[in-house]
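So the chains spell out like this:
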Amino acid sequence: MSKIELQSLLESHPIIHQLMALEEAFWLNSNIQSFQTGMEKAPLLLNDVLDAEARLKRFAPYIAVVFPETQETHGIIESPLVEIPKMKEKLEQDFAQPILGGLRLKCDSHLPISGSIKARGGIYEVLKTAEDLALKQNMLSLNDDYSILDSEKFRSFFSHYSIAVGSTGNLGLSIGIMSAKLGFNVTVHMSADAKQWKKDLLRSKNVKVIEYASDYSKAVEEGRRQAEVDPSCHFVDDENSRDLFLGYAVAALRLQKQLAEANIKVDEDHPLFVYLPCGVGGGPGGVAFGLKLMFKDNVHCFFAEPTHSPCMMLGMMTGLHDRIAVQDIGLDNKTAADGLAVGRPSGFVGKVMEPFLSGSFTVSDNKMYKLLKDLADTEGIYLEPSALAGMIGPVKLEKSDYLPKAHLSDKIKNGTHIVWATGGGMVPKEEMEKYYRIG
Ligand SMILES: *Cc1c(COP(=O)(O)O)cnc(C)c1O
């Protein structure tokens, strides 16, 4: 990006000054539209999400057999929604302001199999790939009990195919573990910031791990390039995949049931606010899109990003999407928040979210660590730093212009805030102690 181009962006979007100074910023999306209008241009529909949900149900008997930790939920990979009243009090004290409405944590950090939100999209895309292959060979039909996939016959069939992905860590874990279990040859292209324990864990499960000295975008690009020359290889494209996105979106259907079970109303007088940590965008975008389908104009979705990697905010604010990266405004894309260290956002997700996203904000690494410690102390819940990015959302929202503009100032007290906890369940104990001490 030239100096002149940057100058003109700064003039039209002064908030970029704050991003460049690594200050925490709060941005409201002026392109937001009513749900109805937004859906006119949407490339995906409710039926696509229902189709994904049905596919996950078909696979449930198989998942229950090969991952016994999912037996209790009959092979459905889902996480609890919990109240965090003591953390709410702590936030109110520390920031000297009340948090109106209820506060809950969606514990994707504790999703079975891979301990992060990637257990939704990542696993879904691998399962879909397997199903497509097996259906095409007439080895499987939609009415079968899919536990038959747990057999030498199927493992040997899938071993003729490979799956590849580029990742900062968590997507690699989820794709690697699921693909290896089915019998695929699987390669994970890891960026330099990926944690050693994640690479070790994958290698112990017969996953091929290739390391790069560069960041996430490079790992994805290399993975894509290597997969392109091999027709039997399916590349999971974190930057553009519709299937990943749909796998994440299914979360909304499940959340709707959980809210109903907890007697939490969502309607015009009971708004729902959801805060989602954002890396390349697929996870938070998929979940937010699903939530819009479920709750329409009564849900308000915000993305949270590290101050060093505000790629989605930058892409959506300028409308440049994947044609701009945080490096273009002089940021280093270095953050302790695994999964959020992404310099260039997904153009696909940014465009889908344009009419639906309420806004986004940035959080410093220090604050994520501090919130990590606070949540552990108050509620005994341990997350990885990224998963805390959304925790500050309710505080920031209250101070912004959003509530008066959306005519919600009087209604927020009847509403609910959901902080999406995106990871942490598989972090080794010593690693978690380090995080806690920094906090
Ligand atoms: C991947 C990830 C995210 C964000 O998901 P994207 O699809 O990259 O935007 C958030 N938190 C954690 C812990 C993650 O691993």
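Residues numbered from 1 in each chain as written. Predicted model: local features only at pLDDT ≥ 70, side-chain atom pairs only at ≥ 80, totals over all residues. Heavy atoms only, no water.

Undergrad: Would you mind showing me how to read helix α9 (residues 196–204) here?
TA: Structural remark: α-helix, 3.6 residues per turn; residues separated by three or four positions point the same way. Regarding α9, the residues found buried are Trp197, Lys198, Lys199 and Leu202. Elements that come into contact with the buried residues of α9 comprise α8 (170–182), β5 (185–190), β6 (208–211) and α18 (429–438). Looking one or two places after α9, you find asparagine 206, whose phi comes out positive at around 70 degrees. (Buried < 20%, exposed > 50% of the residue type's maximum accessible area, 1.4 Å probe, protein only. Helix = DSSP H or I, 4+ residues; strand = E, 2+ residues; numbered from the N terminus. Contact = heavy atoms within 4.5 Å.)

Undergrad: Help me understand unusual backbone geometry, please; the structure alone is not making it clear to me.
TA: Backbone geometry follows two general trends: most residues other than glycine have a negative phi, and most peptide bonds adopt the trans configuration. Residues other than glycine seldom take positive phi values, yet leucine 22 does so here, at roughly 60 degrees. Inspection of the secondary structure puts leucine 22 in the loop between α2 (15–20) and β1 (26–28). A relative accessible area of 35% places leucine 22 in the partly exposed class. Despite not being glycine, histidine 321 has its phi angle at roughly 50 degrees, a positive value. On the secondary structure map, histidine 321 appears in the loop between α13 (311–318) and α14 (347–353). Judged by relative accessible area, histidine 321 falls into the buried class, the value being 4%.

Undergrad: Just checking my understanding: could you explain the packing of helix α4 (residues 46–66) against helix α6 (residues 118–136) for this structure?
TA: Relative orientation and spacing of two packed helices are given, respectively, by the angle between their axes and the distance between those axes. For the pair α4 and α6, interaxial distance at closest approach is 10 Å and the crossing angle is 85 degrees. Overall, the two elements α4 and α6 adopt an arrangement that is roughly perpendicular. Along the contact surface, α4 presents Ala52, Arg55, Leu56, Arg58, Phe59 and Ile63, while α6 presents Tyr124, Leu127, Lys128 and Glu131. A per-class count over the contact of α4 with α6 returns six nonpolar, no polar and four charged. (Axes fitted to C-alpha atoms, helices over the stretch in contact; angles between N-to-C directions. Parallel < 35°, antiparallel > 145°, perpendicular 65-115°, else oblique. Nonpolar A, V, L, I, M, F, W, Y, C, P; charged D, E, K, R; others polar.)

Undergrad: Looking at this structure, how should I read the sheet that holds strand β10 (residues 359–363)?
TA: Note on sheets: strands pair through backbone hydrogen bonds, and any given pair is parallel or antiparallel. Strand order in the open sheet formed by seven strands is β1-β10-β9-β8-β11-β3-β2, and the pairing between neighbours is mixed. This sheet does not close on itself; its edge strands, each paired only once, are β1 and β2 (81–83). Sheet twist, expressed as the mean angle between neighbouring strand axes with direction ignored, is 25 degrees. Pairing between β2 and strand β3 (residues 102–107): three bridges, direction antiparallel. (Pairing = 2+ DSSP bridges.)

Undergrad: Just checking my understanding: could you explain the pattern of salt bridges for this structure?
TA: Close approach of charged atoms allows side chains of opposite charge to pair. Within the structure shown, the criterion is met by 31 salt bridges. A salt bridge links arginine 104 to glutamate 83; the shortest N-O distance between them is 3.6 Å. With arginine 104 in strand β3 and glutamate 83 in strand β2, this pair connects stretches of sequence that are 21 residues apart. What emerges from the salt-bridge pattern is a single network uniting Glu78, Lys106, Asp108, Arg120 and Arg254. (Salt bridge = Lys/Arg side-chain N within 4 Å of Asp/Glu carboxyl O.)

Undergrad: Just checking my understanding: could you explain the sheet that holds β5 for this structure?
TA: Reading across the sheet, the four strands line up as β6-β5-β4-β7 and stay open at both edges, with parallel pairing between neighbours. Only two strands of the sheet have a single neighbouring strand rather than two, namely β6 and β7 (233–236). On average, each strand axis in the sheet is inclined to that of its neighbour by 20 degrees, with strand direction left out of account. Strand direction decides the pairing type here: β5 and β6, joined by four bridges, are parallel. The residue bridging histidine 189 from the neighbouring strand is isoleucine 210, located in β6. Contacts from α6 reach β4 (162–167) and β7, with the element oriented near 155 degrees to β7. Here α9 sits on the sheet and contacts β5 and β6; the angle it forms with β6, its principal contact strand, is near 150 degrees.

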